[in-house]
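Chains, contacts and geometry: an overview
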Amino acid sequence: MLDTAKTRWHPVAASYDLPFRHVFHAQLLGREFAVWRADDGYVNIWENRCLHRGVRLSIGINDGRELKCQYHGWRYSNRTAGCTYIPAHPADAPARTITNRTFAGVERYGLVWSAEEPQGDVPDVAGLAEGDLLTLRGIPVNAPADVVVPALTGYRFQPNGCLEGTAADMSLKASDGFSVALTAREDGTETLAVFFVQPVDSNRSVIRGVLDGSPRGAERIAVLRHHNERLSNLREIVEREAAAAPQPAPLEPVIERVSPELAEMPELTAHGRKATVRVTVARKWMAAEGIAAFELRPVKGLLPTFQPGAHIDVHLPNGLIRQYSITNGPGESDSYVIGVKLERDSKGGSLCMHETLREGDVLAISEPRNNFPLRRDAEKTIFVAGGIGVTPLIAMAQALKNQNLDFAFHYFAQNQEQLAFPEKTALLGEAIKPHLGLRPDATAAELEGILSGYRPGMHLYLCGPGPMLEAARRIAADRGWPETAVHFEYFKNTNTIDDSSSFEVALARSCVTLKVPAGRTILEVMREAGIDMPSSCEQGACGTCLATVIEGEPDHQDVYLNDAERRSGTKIMTCVSRAKSARLVLDL
């Protein structure tokens with residue numbers, strides 16, 4: 001019977017076992033599950049082990065959006081089970097998507113159902129109406145399911161409203177390998193009871209009962225006590241019978257090994273600007289004056305897990321590709337929400353998003369990339385956002401807010417109407433501080449005050465217009481902020497690119513030497529030679545096409561590297577930067 005049990009839906013918990021902010025330890029066919037309900041109501045059923053050391057996630061912390069392992073603090077996202085945070089990891093973010101094993105889950109009849117390899121739907125039970133049911137306490141039994149089920153066919157109980165009686169007329173309505181349906185009648189009162197037997201292991205089960213009707217108050221307590229006593233008596237009889245029989249070997253679930261590419265720190269896969277995810281524009285609205293917001297939902301399945309600060313490439317109907325930051329908070333994984341400012345000098349990207357895209361349209365997007373990761377080990381984090389630069393910082397601030405970490409959020413805009421995503425910023429409470437209608441000199445003066453109180457352990461995150469970022473970085477340096485504590489992201493590179501030089505590029509690991517003529521980029525020449533280097537913005541702002549320099553002097557023309565990284569000469573953005581020397585050797 002257990003041979004076919006993997007494909008059948010079984011109850012693994014009762015709905016009342018899953019209050020908010022709790023993790024329930026469930027078992028089925030020898031396998032352990034961590035079952036938890038997120039604040040959005042979604043029920044997660046996961047392999048009960050952290051991918052780091054195998055510690056049970058059922059003793060973890062459910063914060064309503066993510067599940068945190070108690071051992072080393074790895075965090076996993078609602079719905080996707082993707083890892084969003086690894087303490088002590090560089091930038092405190094996974095190098096790639098690391099995902100725990102998930103199992104299907106359905107809530108029905110006051111129970112939570114799952115299966116290893118489910119086929120079909122949770123079975124319909126005639127006479128059980130959703131919402132008008134009483135779920136009984138689960139009764140664990142040290143006996144196999146094929147011993148428990150026959151015993152349940154002889155179970156006797158009184159119908160609701162006649163608990164003092166002793167002569168109920170019992171009728172067996174249905175029975176199969178894992179369930180029994182009975183009715184009890186007396187004095188014109190009838191109650192249907194359906195019992196499902198959860199096969200915990202080869203010699204352990206849980207009886208989960210559901211009654212039609214939902215008595216209230218004292219009667220409800222009396223009914224629950226009535227069945228608890230009678231089912232406990234039945235358990236004693238069944239366990240004596242099972243103890244006298246030969247004991248079956250315990251079931252050994254197959255624990256899938258984490259693939260080497262997830263267990264190690266692999267190099268970034270070369271894949272160019274591909275869009276592997278299809279999404280529907282589920283909602284479009286104005287998040288602020290001149291800023292359109294888009295909610296993107298997957299056409300099928302779940303969206304890839306993201307970390308705060310991540311962006312996606314959006315492939316537009318007019319053939320253009322644009323990058324937009326994900327504004328979601330932790331655990332908000334059923335869709336991506338992005339914001340797009342209509343640029344006055346739009347080359348077609350923001351104009352297409354604002355005027356062409358409609359709700360219901362299907363888009364191709366890339367998986368999230370994070371070249372602007374959030375550190376969560378700071379004593380205090382300062383966010384400085386300018387205009388549409390608020391989008392990646394909103395995601396970061398929500399993550400810190402969810403973990404009760406200290407931060408301040410300074411939001412610069414021309415007026416109140418241009419403050420985007422007010423429904424998200426309102427959740428930040430007193431940490432959000434708008435700065436409205438300031439001229440450049442007044443903005444600089446305000447930044448002087450914001451950045452004047454540096455203490456070791458603080459971190460600064462900047463995103464907004466180029467001149468504002470340049471001013472903030474200069475002021476931070478003057479105020480004693482080390483470059484390692486100042487993180488920034490430009491939405492575009494406003495530098496004038498000088499591509500008049502020609503030089504030679506040697507790719508050390510590929511054993512290829514290429515000539516880069518004037519007017520062509522290193523990235524373009526590599527792709528023509530069959531080296532499919534990953535990229536995203538292709539204007540020196542996002543960091544995706546970063547390469548390591550082994551030999552030679554780079555001519556930096558990007559806005560991604562900080563001053564210390566530029567001085568070191570060990571990194572180069574292959575989409576815009578060039579060589580001052582006649583030859584560059586790259587670790588590619």
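Quick look at the structure, then. This structure is a prediction, so every number in the text was calculated from the model and none was measured. (Residues numbered from 1 in each chain as written. Predicted model: local features only at pLDDT ≥ 70, side-chain atom pairs only at ≥ 80, totals over all residues. Heavy atoms only, no water.)

1. Quick notes on the overall build of the protein
Tallying secondary structure elements over the protein gives ten helices and 34 strands in all. Based on the C-alpha atoms only, the size of the protein along its principal axes is roughly 95 × 55 × 50 Å. Across the 588 residues in the protein, those meeting the buried criterion constitute 52%. Of the contacts made within the protein by residues no fewer than 6 positions apart, 65% connect residues no fewer than 24 positions apart. Each charge sign in the protein was given a centre, from 63 positive and 73 negative side chains, and these centres are 2 Å apart. (Helix = DSSP H or I, 4+ residues; strand = E, 2+ residues; numbered from the N terminus. Buried < 20%, exposed > 50% of the residue type's maximum accessible area, 1.4 Å probe, protein only. Contact = heavy atoms within 4.5 Å. Lys, Arg positive; Asp, Glu negative; His and termini not counted. Charge placed at Lys NZ, Arg CZ, Asp CG, Glu CD.)

2. Topic: the environment of R527
Looking at the secondary structure, you find R527 in helix α9 (residues 522–528). The spatial distance from the C-alpha of R527 to the C-alpha of K173 is 69 Å, given a sequence separation of 354 residues. In terms of polar contacts, R527 uses its side chain to reach the side chain of E538, at 3.0 Å. (Polar contact = N/O pair within 3.5 Å; in protein donor to acceptor, adjacent residues only side chain to side chain.)

3. Quick notes on the packing of helix α1 (residues 145–152) against helix α2 (residues 217–244)
The geometry of α1 relative to α2 is characterised by a closest axis approach of 10 Å and an angle of 135° between their N-to-C directions. Classified by the interaxial angle, the pair formed by α1 and α2 is oblique. Classified by chirality, the crossing of α2 by α1 is right-handed. In contact with V147, V148, A151 and L152 of α1, α2 contributes L231, L234, V238 and E241. Its residues placed into classes, the contact of α1 with α2 shows seven nonpolar, no polar and one charged. (Axes fitted to C-alpha atoms, helices over the stretch in contact; angles between N-to-C directions. Parallel < 35°, antiparallel > 145°, perpendicular 65-115°, else oblique. Left-handed = near helix turned anticlockwise from the far one by under 90°. Nonpolar A, V, L, I, M, F, W, Y, C, P; charged D, E, K, R; others polar.)

4. A word on unusual backbone geometry
The backbone of L29 shows a phi angle near 55°, a positive value even though the residue is not glycine. Among the structural elements, L29 can be located in the loop between β2 (23–28) and β3 (31–37). Located in the positive-phi region is C511, a residue other than glycine, with phi close to 55°. Within the secondary structure, C511 sits in the loop between β28 (503–507) and β29 (512–516). Residue C511 is classed as exposed on the basis of its relative accessible area of 72%.

5. Comments concerning the packing of aromatic side chains
Summed over all chains, the structure comprises 14 aromatic pairs. Residues W113 and F196 carry aromatic rings whose centres are separated by 4.9 Å and whose planes lie at 80° to one another, so their mutual orientation is edge-to-face. In this pair, W113 is assigned in strand β10 (residues 111–114) and F196 in strand β15 (residues 189–201), connecting sequence segments 83 residues apart. For the pair formed by W113 and F196, the shared burial category is buried. (Phe/Tyr/Trp six-rings, centres within 6.5 Å; stacked < 30°, edge-to-face > 60°.)

6. Examining the pairing of strand β34 (residues 583–586)
Here is the key point about a regular strand: its side chains alternate between the two faces of the sheet. For β28 and β34, the ladder comprises four bridges, and the chain directions are parallel. Bridge assignment links L507 to a residue of β34, and that residue is L586. Where strand β30 (residues 546–551) and β34 come together, two bridges link them in antiparallel fashion. From the neighbouring strand, E551 faces β34, where its bridge partner is V585. (Pairing = 2+ DSSP bridges.)

7. Here's the deal with the sheet that holds strand β17 (residues 277–288)
Ordered in space as β20-β19-β22-β17-β18-β21, the six strands form an open sheet in which the pairing is antiparallel. The open sheet terminates on both sides in strands that have one partner only, identified here as β20 (321–325) and β21 (336–341). Between one strand and the next, the sheet's axes are offset by a mean angle of 45°, whatever the strand orientation. As paired elements, β17 and strand β22 (residues 362–365) share four bridges and run antiparallel to each other.

8. Observations concerning the environment of V180
Note that V180 resides in strand β14 (residues 179–186). In the structure, V180 is positioned 211 residues away from T391 in sequence and 54 Å away in space, judged by C-alpha atoms.

9. What about the nonpolar core?
L152, F195 and L231 are the most contacted members of the largest nonpolar core, which has 42 residues in total. Here this core gets six residues from one element, more than from any other, and that element is α1. (Core = buried A, V, L, I, M, F, W, Y, C linked by side-chain atoms within 4.5 Å.)

10. Things to note about the pattern of salt bridges
All told, the structure shown has 31 salt bridges when counted by the stated rule. D40 is the salt-bridge partner of R79, the closest N and O atoms lying 3.3 Å from each other. Residue R79 is found in the loop between β7 (75–77) and β8 (83–85), and its partner D40 is found in the loop between β3 and β4 (43–47); the two are separated by 39 residues along the sequence. You can call D40 partly exposed: its relative accessible area is 45%. (Salt bridge = Lys/Arg side-chain N within 4 Å of Asp/Glu carboxyl O.)

11. A few points about the sheet that holds β29
The strand order across the open sheet built from five strands is β29-β28-β34-β30-β32, with neighbouring strands paired in mixed fashion. The sheet is open, and its two edges are formed by β29 and β32 (571–573), each paired on a single side. Taking each pair of neighbouring strands and ignoring which way they run, the sheet shows an average axis angle of 40°. Two elements, β30 and β32, share three bridges in a ladder whose sense is antiparallel. Within β32, the position partnered with T548 by the bridge is K571.

Fair warning: the whole summary comes from geometry, so function is off the table for now.
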